[in-house]
Amino acid sequence: AQSVTQLDSQVPVFEEAPVELRCNYSSSVSVYLFWYVQYPNQGLQLLLKYLSGSTLVKGINGFEAEFNKSQTSFHLRKPSVHISDTAEYFCAVRSGGYNKLIFGAGTRLAVHP
Amino acid sequence: DTGVSQDPRHKITKRGQNVTFRCDPISEHNRLYWYRQTLGQGPEFLTYFQNEAQLEKSRLLSDRFSAERPKGSFSTLEIQRTEQGDSAMYLCASSSKGGLAGETQYFGPGTRLLVL
């Protein structure tokens with residue numbers, strides 16, 4: 001079965017500092033990978049996705065992620081964070097034949113002034 | 001394109017009552033999914049529709065849960081005889097059919113259920 005591990009439950013960082021949120025997945029077949037962001041009391045917003053092609057994918061709000069097949073990782077990065085980036089971030093992998101997503105437990109990014 | 005919408009956004013009910021949630025997917029998306037998210041956790045898959053056909057159900061979906069998508073457009077999720085453990089955020093998502101574009105699920109704002 002496919003699974004997703006987000007290695008950090010919380011990441012505190014100062015404003016304008018770089019950040020990396022780590023995600024590892026397990027799968028024996030080709031995968032599609034996603035990062036979603038969730039603000040308090042809201043649904044999930046798609047940040048970026050890897051479906052095929054270039055392993056470096058760029059998303060909204062200045063985020064990017066790199067698909068590393070050998071390390072089965074899909075880490076999310078931003079070179080300079082803002083207070084408004086404070087939110088919960090979820091890594092997800094497509095599973096099965098019907099597009100079911102398997103999510104990690106989430107990483108809470110807290111940006112401090 | 002107004003995105004995925006869900007109604008109600010919040011629901012408080014007493015244990016033992018029945019509740020029903022509605023999801024309206026992005027127009028022309030033929031795939032629809034329900035997920036449940038408990039506090040501090042990532043969403044967990046509940047069920048999946050392609051058009052009106054329910055093609056996959058999670059073991060999380062006990063006999064008290066039922067989902068329908070009668071005309072292949074909106075969907076409803078009903079919980080009968082609610083229990084306190086049903087308290088969660090219920091998320092709906094939709095995706096288009098076919099190809100890589102169909103791999104991306106777009107989520108609604110969720111319905112937060114509190115069972116007292």
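This is a predicted model, so every value here is computed, not measured. Numbering of residues begins from 1 in every chain and follows the order in which that chain's sequence is written. The lettering of chains begins at A and the numbering of ligands begins at 1, in the order of writing. Local features are withheld for residues below a pLDDT of 70 in this predicted model, meaning they are given only at 70 or higher, and side-chain atom pairs are given and counted only at 80 or more; totals for whole chains, interfaces and linings count all residues. Hydrogens and water are ignored here; the side-chain numbers use all heavy atoms of the structure.

### Topic: the pattern of salt bridges
All names here are of chain A. The line we're drawing: A pairing counts as a salt bridge when a side-chain nitrogen of Lys or Arg comes within 4 Å of a carboxyl oxygen of Asp or Glu. Per-residue accessibility, obtained with a 1.4 Å probe over protein chains only, is compared with the maximum for each type, and a residue is labelled buried under 20%, exposed over 50%, and partly exposed between these values.
Enumeration over the complete set of coordinates arrives at 10 salt bridges over all chains. Between Lys58 and Glu64 there is a salt bridge, with the nearest N and O atoms lying 2.8 Å from each other. According to the relative accessible area criterion, Lys58 is exposed, its value standing at 63%. For Glu64, a relative accessible area of 23% corresponds to the partly exposed category. Glu66 serves as the salt-bridge partner of Arg77, at 3.8 Å between the closest nitrogen and oxygen.

### Here's the deal with the nonpolar core
Threshold: We define the nonpolar core as a collection of buried residues of types Ala, Val, Leu, Ile, Met, Phe, Trp, Tyr and Cys that are connected through side-chain atoms lying within 4.5 Å of one another. Secondary structure elements are taken from DSSP: a helix is a run of H or I of four residues or more, a strand is a run of E of two residues or more, and numbering for both begins at the N terminus. Any pair of residues with heavy atoms lying within 4.5 Å of one another is described as a contacting pair.
Counting 28 residues, the largest nonpolar core has A:Leu33, A:Trp35, A:Leu47, A:Leu48, A:Phe74, A:Leu76 and A:Tyr89 as the members making the most contacts within it. Among the elements that line this core, the one with the most residues is strand β10 (residues 87-95) of chain A, at four residues. Discounting chain neighbours no more than four positions away, the residues touching A:Leu33 are A:Tyr25, A:Leu48, A:Lys49, A:Tyr50, A:Phe67, A:Phe74, A:Ala92 and A:Val93. B:Trp34, B:Leu46, B:Ala88 and B:Cys92 belong to the second largest nonpolar core, which has 19 residues in total.

### Details of a nonpolar patch on the surface
Residues and elements named next belong to chain B. Inclusion rule: Each patch is assembled from residues with relative accessible area greater than 30% and no salt bridge, linking like charges that lie within 9 Å and nonpolar side chains (Val, Leu, Ile, Met, Phe, Trp, Tyr) that lie within 5 Å. Here the accessible surface of atoms and residues is derived via Shrake-Rupley with a 1.4 Å probe, and residues count as covered only by protein chains that are part of the display.
A contiguous nonpolar patch, built from Ile12, Leu114 and Leu116 and spanning about 300 Å² of accessible area, is present on the exposed surface. By the secondary structure assignment, Leu114 is in strand β11 (residues 111-115). With relative accessibility at 40%, the residue Leu114 sits in the partly exposed group.

### Topic: the interface of chain A and chain B
To keep things clear, this is the line we draw: What counts as buried area is the accessible surface, traced by a 1.4 Å probe, that two parts surrender upon association, with contributions from both included. Two N or O atoms count as a polar contact when they lie within 3.5 Å, although within protein this holds only if one can serve as hydrogen donor and the other as acceptor, and sequence-adjacent residues are included solely when both atoms are side-chain atoms. Classification used: nonpolar for Ala, Val, Leu, Ile, Met, Phe, Trp, Tyr, Cys and Pro, charged for Asp, Glu, Lys and Arg, polar for all others including Gly.
The partner chain B presents 26 residues to the 21 residues of chain A that form the contact. In this assembly, chain A packs against chain B so that about 1900 Å² is buried in total across both faces, 55% of it on carbon and sulfur atoms. For the pair chain A and chain B, the number of links is one salt bridge. B:Glu56 is paired through a salt bridge with A:Lys100; the nearest N and O atoms lie 3.4 Å apart. The interface formed by chain A and chain B holds seven residue pairs in polar contact (both at pLDDT 80 or more) in total. Of all the elements in the fold, those that place two or more residues in the side of chain A that touches chain B are β5 (33-38), β6 (44-50), β10 and β11 (100-103) of chain A. Grouping the constituent residues of the side of chain A that touches chain B by class yields 11 nonpolar, seven polar and three charged.

### Overview of the state of the cysteines
For the record, the criterion: Counting rule for disulfides: a pair of cysteine sulfur atoms within 2.5 Å.
One pass over the structure, following the stated rule, counts two disulfides over all chains. Covalently, A:Cys23 is tied to A:Cys91 through a disulfide, its sulfur atoms 2.0 Å apart. As the torsion about the S-S bond is roughly -65°, the A:Cys23-A:Cys91 disulfide counts as left-handed. Of this pair, A:Cys23 sits in strand β4 (residues 23-26) while A:Cys91 sits in strand β10; the two residues are 68 residues apart in sequence, bridging distant segments of the chain. Across the disulfide, B:Cys23 is cross-linked to B:Cys92 (sulfur-sulfur distance 1.8 Å). Looking down the S-S bond of the B:Cys23 and B:Cys92 bridge, the torsion is -70°, so its handedness is left-handed.

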